[in-house]
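# Reading the structure
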Amino acid sequence: QVQLVESGGGLVQAGGSLRLSCAASGLTFSRYAMAWFRQAPGKERDFVAAISARGGNVYYEDSVKGRFTISRDNAKNTVYLQMSTLKPEDTAVYYCAADIIGRTPTMRRSYDVWGQGTQVTVSS
């Protein structure tokens, strides 16, 4: 079956770093644009970062620019989110998503496949 599995979440102090991973299976990974979204309890799922199928184009939400880096390794069928200088407002469940068509990268409706999420908690 088609599956995206996130890992790497956890508890970190403000100013610290985490690297999230998303492992894909059941799809031709190199044909998909990939993205990270995040959702806090009772709030909407919001865009964080996206990367094109070959990794040549990246996109970031304004609040994470300069702090987060999205990357991918198509040989490993994995997309990463390196998060640095973390803030309490970064606390959320982080989701990985895949889009085979290449639609607007910041919109939830652009993505066909979603992972189950991984919790990131940043303490002050």
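Up top is the structure.
Residues numbered from 1 in each chain as written. Predicted model: local features only at pLDDT ≥ 70, side-chain atom pairs only at ≥ 80, totals over all residues. Heavy atoms only, no water.

## Brief notes about the pattern of salt bridges
The line we're drawing: Here, a salt bridge means any Lys or Arg side-chain nitrogen found within 4 Å of an Asp or Glu carboxyl oxygen. The buried label goes to any residue with under 20% of its type's maximum accessible area, the exposed label to any with over 50%, and the partly exposed label to all in between, with areas taken from a 1.4 Å probe on protein chains only.
Applying the stated criterion across every chain, the model contains five salt bridges. Residue K65 pairs with D62 through a salt bridge whose shortest N-O separation is 3.0 Å. Relative accessible area serves as the criterion here: at 59%, D62 is assigned to the exposed category. For D112, the salt bridge is made with R103, and the minimal N-O distance between the two is 2.8 Å. Assessed through its relative accessible area of 30%, R103 is described here as partly exposed. What emerges from the salt-bridge pattern is a single network uniting R38, R67 and D90.

## Examining the sheet that holds strand β3 (residues 18-25)
The test is simple: The pairing criterion is simple: DSSP has to find at least two bridges between the two strands. By definition, any uninterrupted DSSP run of H or I lasting at least four residues is a helix, any uninterrupted run of E lasting at least two residues is a strand, and each is numbered from the N terminus. To obtain an axis, a line is fitted to C-alpha atoms, over the contacting stretch when the element is a helix, and the angle between two such axes runs from 0 to 180 degrees between their N-to-C directions.
The antiparallel open sheet is built from four strands, whose spatial order is β1-β3-β8-β7. Edge positions in the sheet fall to β1 (3-7) and β7 (68-73), since each of these pairs with one other strand and no more. For this sheet the average axis-to-axis angle between neighbouring strands, irrespective of direction, equals 15°.

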